[in-house]
Amino acid sequence: MEQEKRYSEMSEGELKQEIAQLREKARKAEQLGIVNEFAVYERRVSMAQAYLLNPDDYKPGRMYELKTDPGQYFKVAYLNGVFAWGYRLNGDGAEEGIPISLLNKGVS
């Protein structure tokens, strides 16, 4: 049995191919009405996309609009790899980590 590569070990081309395959699986799951499976594939797409971005482009202390929730903002406290850790403004104040691929251009 072949071991799957981690996203961090994949080349840009491999990541793009993986994203295309995951989107196709998500589309099929959505068509079949399998909501949980669709959500899993969408999260995996976000993770793979994060590895195509440069974490240095995201700065602690800045706010970013969430791509998945327009009008909702996320304040980055620190970065760990391709994850931004911080909290949602107008949220419950709990710290969470999200892939940087879910962040739009910085606000402040």
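Conventions we followed
- Residues numbered from 1 in each chain as written.
- Predicted model: local features only at pLDDT ≥ 70, side-chain atom pairs only at ≥ 80, totals over all residues.
- Heavy atoms only, no water.
- Helix = DSSP H or I, 4+ residues; strand = E, 2+ residues; numbered from the N terminus.
- Buried < 20%, exposed > 50% of the residue type's maximum accessible area, 1.4 Å probe, protein only.
- Contact = heavy atoms within 4.5 Å.
- Areas by Shrake-Rupley, 256 points an atom, 1.4 Å probe, with all protein chains shown as cover.
- Domains from an automatic or database assignment.
- Buried area = accessible area lost by both parts, 1.4 Å probe.
- Salt bridge = Lys/Arg side-chain N within 4 Å of Asp/Glu carboxyl O.
- Polar contact = N/O pair within 3.5 Å; in protein donor to acceptor, adjacent residues only side chain to side chain.

Structural notes on the overall build of the protein
Then step 1. Scanning the protein for helices and strands turns up 2 helices and 5 strands.
Then step 2. Along the protein, from the amino end to the carboxyl end, the secondary structure elements read α-α-β-β-β-β-β.
Then step 3. In terms of its C-alpha atoms, the protein occupies a principal-axis envelope of roughly 45 × 30 × 20 Å.
Then step 4. Burial statistics for the protein: of 108 residues in total, 27% are counted as buried.
Then step 5. Long-range contacts, defined here as pairs at least 24 residues apart, represent 44% of the contacts in the protein between residues at least 6 apart.
Then step 6. Accessible area of the protein: about 7,300 Å², with a carbon and sulfur share of 48%.

Digging into the domain arrangement of the protein
Then step 1. Each domain of the protein was delimited in the assignment, giving domain 1 (7-51) and domain 2 (55-107).
Then step 2. Computed from C-alpha coordinates alone, the two centres of domain 1 and domain 2 are separated by 21 Å.
Then step 3. Domain 1 puts 5 residues into the contact, and the matching count from domain 2 is 6 residues.
Then step 4. For the pair domain 1 and domain 2, the two sides together bury roughly 450 Å², of which 78% comes from carbon and sulfur.
Then step 5. A per-residue breakdown of the area domain 1 buries against domain 2 is headed by S46, M47 and A50, which together make up 79% of the total.
Then step 6. At the junction of domain 1 and domain 2, the tally comes to 0 salt bridges.
Then step 7. Across the contact surface, domain 1 and domain 2 share 1 residue pair in polar contact (both at pLDDT 80 or more).

Digging into the environment of F38
Then step 1. Looking at the element boundaries, F38 is found in helix α2 (residues 35-50).
Then step 2. Each C-alpha atom of the pair F38 and K25 lies 7.7 Å from the other, and the pair is 13 residues apart in sequence.
Then step 3. Here F38 is in contact with A26, A29 and E30, once residues within four sequence places are set aside.

Quick notes on the environment of L79
Then step 1. Structurally, the position occupied by L79 is in strand β2 (residues 73-80).
Then step 2. Exposure remark for L79: the relative accessible area of 25% places this residue in the partly exposed category.

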